[in-house]
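Residue-level listing of the chains:
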Amino acid sequence: MKHHFLKNDGSVLDKRTRQQMEYIRILSKMNKAMTIPEIAEAVQTSIPTATTIITDLLENNWILIQGKRETGPGRNPAIYSVNTEQFYAIGLIIGLKKAQLVIININQSEVYKKSISDFNLENTKGCLNQLVDFVSACIKEFEASISKVLGLGVGITGRVNVHTGETLNYFNFMEVPFKQYLEARLKIPVHVENDTRITGFTECEFGKGKGSDNIILINLDRGLGLSMVVNGKLLLGNSGFAGEFGHMKFGTKERLCICGKKGCLGTEVSGYALQLDFEEALSKGCQSLLLKEDQGEISFFDILEGANNGDLTSIDLIQAQGLKLGEALGSILNLLNPKDVIVGGSFVVVNDLLLDAIKVGLKKTCLPMVMKECRIMLSELSANMYCRGAASLVLKSHDLI
Ligand SMILES: [Zn+2]
């Protein structure tokens, strides 16, 4: 693996390198140009020491002089910032139908993006090769030296053990974990995460969760996911499986879940559950505007759109799901007492129809003292931002943001 200045491969670093890393971290986290005395104060060192390290970093092009601090008459000191062209991170979100990649710099600004639109996630060697080739081609097209890439953050649907980098639902046929396989093929460090936890992290970095230390993020899409930020940290659990909200027994129907059990919330609150609800409603004689349209199979996206177009059956079904979600969520709120609950995923297109139903459901099960200061909101982030979040996870792992 090619060595990057900040890539910690576990080897013992000399004192000077450790100091340089510390300065880069301070400059990156402050996210502004600083004078030598300001840097010295931030890292708690003497000005001569700071001057030596800054000179080193400048010579190696890791930092740049941004100009001078206007302090009035007399000599104005130079201000320094990180050279953004030396530090890149890649984010990759692997969904069921789409794979999306972005490259960001150390300031978390997007500098490149690309996606595979005709993608189908399959647990096959062919699909794995397609993804590796895609990432390699993107890095090549971006034309940055691989040595400047700090790592790749991957968000993939299904269960993930973040500690080992194993993916349990996809690419589980190899002798080594998915993470290890990607590192060997791409020659860069890889962090693998569950896509829902990436959405939670992204919400904290770029969305409505910014500045909040206790958040619950619901991802209501084809499936139902949940991620939790507790006291400022993403809750992983012992093996990285914390947050399996969709497999908690809040359901009352007799639908068999993919986990083999019945009563799992995800079988009654999710996109695929909405499609089943719709079929059941029709079989009971309900009518729908969606049937009049000349189309094939009705997806949950169609039902969401139907609700926005005034289709009563669609509205009723979504409202019922929102109510059930709120009731189940009340128990989670009683357990964790979060400051914010943010609901993201495809269902946000129905806006207040969903949000109001969740709030009514919450009132039925959540303690008033827990609800009093808790804000229930819909996410405003786009799918593209989650990809940026996956890349930011790499910066976070290097303590740069
Ligand atoms: Zn289940």
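Data block above holds the structure.
Chains are numbered independently. Their residues run from 1 in the order of the written sequence. Totals for whole chains, interfaces and linings use every residue, but because this is a predicted model, local features are given only for residues with pLDDT of at least 70 and side-chain atom pairs only at 80 or more, for both listing and counting. The side-chain values count all of the structure's non-hydrogen atoms but skip hydrogen atoms and water molecules.

Engineer: Please explain the overall build of the protein as it appears in this structure.
Structural biologist: The way it works is that DSSP assigns letters per residue, a run of H or I at least four long becomes a helix, a run of E at least two long becomes a strand, and they are numbered from the N terminus. A tally of regular secondary structure across the protein gives 12 helices and 14 strands. For every residue, the accessible area (1.4 Å probe, protein chains only) is compared with the maximum for its type, and the residue is labelled buried under 20%, exposed over 50%, or partly exposed between those bounds. Taking all 401 residues of the protein together, the buried fraction comes to 52%. A contact between two residues is defined here by any heavy atoms of the two lying within 4.5 Å. Within the protein, residue pairs in contact and separated by at least 24 positions form 65% of the contacts whose partners lie at least 6 positions apart. Accessible areas in this description were obtained via Shrake-Rupley with a 1.4 Å probe; residue shielding takes into account the shown protein chains only. Total accessible area on the protein stands at roughly 19300 Å², and carbon and sulfur atoms take up 50% of it. Only four residue types enter the charge count: Lys and Arg as positive, Asp and Glu as negative, with His and the chain ends excluded. A single reference atom marks each charge: NZ on Lys, CZ on Arg, CG on Asp, CD on Glu. Positive and negative side-chain charges of the protein, numbering 43 and 44 respectively, have mean locations separated by a distance of 5 Å.

Engineer: I keep staring at the sheet that holds strand E3 (residues 88–94) and nothing clicks. Help me out?
Structural biologist: Through backbone hydrogen bonds, the strands of a sheet pair up, either in parallel or in antiparallel fashion. What the five strands build is an open sheet, ordered E5-E4-E3-E6-E9; its pairing is mixed. A strand with exactly one partner marks an edge of an open sheet, and here the two such strands are strand E5 (110–116) and strand E9 (190–194). Between one strand axis and the next, the sheet turns by 15° as a mean value, whatever way the strands run. The pairing of strand E4 (residues 99–105) with E5 spans six bridges and is antiparallel. Strands are labelled as partners when DSSP assigns at least two bridges between them. With axes taken as lines fitted to C-alpha atoms, and helix axes fitted only over the stretch in contact, angles between N-to-C directions fall between 0 and 180 degrees.

Engineer: Sorry if this is basic, but what is going on with the nonpolar core here?
Structural biologist: A general feature of soluble globular proteins is that nonpolar side chains tend to end up buried together. Nonpolar cores were defined as sets of buried Ala, Val, Leu, Ile, Met, Phe, Trp, Tyr and Cys residues, with membership established by side-chain atoms within 4.5 Å. By size, the foremost hydrophobic cluster in this structure holds 39 residues, and its most contacted members are Ile216, Ile218, Phe245, Leu329 and Leu333. With seven residues, the single largest contributor to this core is helix H9 (residues 312–336). In terms of nonpolar packing, the next biggest core, distinct from the first, is built from 38 residues, Tyr88, Ile103, Cys127 and Cys138 among them.

Engineer: Just to check I follow, could you spell out the packing of aromatic side chains for this structure?
Structural biologist: For any pair of aromatic rings, the description consists of the separation of the ring centres together with the inter-plane angle of the planes. We call Phe, Tyr and Trp rings a pair once their centres come within 6.5 Å, taking the six-membered ring for Trp, and we label the pair stacked below 30 degrees between planes, edge-to-face above 60, and tilted otherwise. Under the criterion given, the structure shown has eight aromatic pairs. Ring plane angle 90° and centroid distance 5.0 Å describe the contact between tyrosine 88 and phenylalanine 142, whose orientation is recorded as edge-to-face. Linking tyrosine 88 in strand E3 with phenylalanine 142 in helix H4 (residues 125–142), this pair joins segments that are 54 residues apart in sequence. Members of the aromatic cluster, connected to one another through ring pairs, are Tyr88, Tyr112 and Phe142. In this arrangement the basic side chain of arginine 388 is found over the ring face of phenylalanine 206, its NZ or CZ atom lying 5.8 Å from the centre. Here, a charge over a ring is recorded when the distance from Lys NZ or Arg CZ to the ring centre is within 6 Å and its angle to the ring normal is within 35 degrees.

Engineer: Where do I start with the coordination of the zinc ion in this structure?
Structural biologist: Each pair of donors in an ideal octahedron of six around a metal sits at 90 or 180 degrees, and each pair in an ideal tetrahedron of four sits at 109.5 degrees. Note on the zinc ion: its protein donors are His247 (ND1), Cys257 (SG), Cys259 (SG) and Cys264 (SG). The metal-donor distances range over 2.0 to 2.3 Å. Each metal site is built from N, O and S donor atoms within 2.8 Å (3.2 Å for Na, K and Ca), and since water is not included, such sites may look incomplete. Think of it this way: with four donors and all angles in the 85 to 135 degree range, the site is tetrahedral; with four or six donors, opposite ones beyond 155 degrees and the rest between 65 and 115, it is square planar or octahedral; otherwise it is irregular. In this structure, the zinc ion is coordinated by four donor atoms arranged in tetrahedral fashion, with angles at the metal of 103 to 124°. Each donor residue of the zinc ion lies on one chain, and together they are spaced H-x9-C-x1-C-x4-C. Judged by relative accessible area, which is 31%, cysteine 259 ranks as partly exposed.

Engineer: Please clarify how the environment of leucine 220 should be interpreted in this entry.
Structural biologist: Residue position: leucine 220 is located in strand E10 (residues 215–220). Take leucine 220: its relative accessible area is 1%, and that puts it in the buried class. What leucine 220 contacts, discounting residues up to four positions off in sequence, is Val269, Ser270, Leu325, Gly344, Gly345, Ser346, Phe347 and Leu354.

Engineer: What should I look at first to understand the pattern of salt bridges in this one?
Structural biologist: Oppositely charged side chains can form a pair if their charged atoms are brought close together. Basic side-chain nitrogens of Lys or Arg form a salt bridge, by our definition, when they fall within 4 Å of a carboxyl oxygen of Asp or Glu. The final tally for this structure, using the stated rule, is 18 salt bridges. We note a salt bridge from lysine 29 to aspartate 399, for which the minimum N-O separation is 2.7 Å. Taken as a pair, lysine 29 in helix H1 (residues 15–30) and aspartate 399 in the segment after helix H12 (383–397) lie far apart in primary sequence, 370 residues in all. With a relative accessible area of 37%, aspartate 399 lands in the partly exposed category. Between lysine 208 and glutamate 380 there is a salt bridge whose closest N-O contact spans 3.4 Å. With lysine 208 in the loop between helix H6 (195–206) and E10 and glutamate 380 in the loop between strand E14 (375–378) and H12, this residue pair connects regions lying 172 residues apart in the sequence. The partly exposed category is assigned to lysine 208, whose relative accessible area is 28%. Judged by its relative accessible area of 67%, glutamate 380 is exposed. Three or more residues are tied together by salt bridges with common partners; here these are Lys253, Arg255, Asp277 and Glu280.

Engineer: How should I be thinking about the sheet that holds strand E11 (residues 224–230) in this particular structure?
Structural biologist: As summarised here, the arrangement of the five strands in space is E12-E11-E10-E13-E14, forming an open sheet in which the pairing is mixed. Strands with a single pairing partner mark the edges of an open sheet, and in this sheet they are strand E12 (233–234) and E14. In the sheet, strand E13 (residues 340–344) pairs with E14 via four bridges, with the strands oriented parallel. Within the sheet, the bridge partner assigned to aspartate 340 lies in E14 and is arginine 375. In this fold H6 packs onto E10, E11, E12 and E13, with an angle of close to 130° to the strand it touches most, E10. This element, helix H10 (residues 352–365), spans E10, E13 and E14 of the sheet and lies at about 155° to E14.

Engineer: It is not clear to me how empty space enclosed by the protein should be interpreted in this structure. Could you clarify?
Structural biologist: Take a probe with the size of a water molecule and roll it over the atoms, and the empty space left behind shows itself. A pocket, in this scheme, is an open set of points on a 1 Å grid over the protein atoms alone with protein on both sides within 12 Å along at least 5 of 7 lines, while a cavity is a set where a 1.4 Å probe fits but cannot get out; residues line either one if an atom lies within 4 Å of a point. Grid points are joined across faces, edges and corners, and a volume is the space filled by probe spheres set on the points. This structure, assessed with the given rule, holds two cavities of 30 Å³ or more. In this structure, the largest cavity encloses a volume near 50 Å³. Lining the largest cavity are Asn214, Ile215, Ile216, Met228, Val229, Val230, Leu336 and Pro338. Elements that contribute at least two residues to the lining of the largest cavity include exactly E10 and E11. Polar here means any residue outside two lists: the nonpolar Ala, Val, Leu, Ile, Met, Phe, Trp, Tyr, Cys and Pro, and the charged Asp, Glu, Lys and Arg; Gly therefore counts as polar. The class makeup of the residues in the lining of the largest cavity is seven nonpolar, one polar and no charged. Here the residues of the lining of the second largest cavity sort into nine nonpolar, no polar and no charged.

Engineer: How should I be thinking about the layout of surface pockets in this particular structure?
Structural biologist: By volume, the largest pocket amounts to about 1500 Å³. Taken together, 50 residues line the largest pocket, and the ones lying closest to its centre are Thr157, Asp195, Asn219, Asp221 and Gly223. Elements with a minimum of two residues in the lining of the largest pocket: E3, E4, H6, E11, helix H8 (300–308) and H12. It is H6 that provides the largest number of residues to the lining of the largest pocket, a total of four residues. Its residues assigned to classes, the lining of the largest pocket comprises 20 nonpolar, 22 polar and eight charged.

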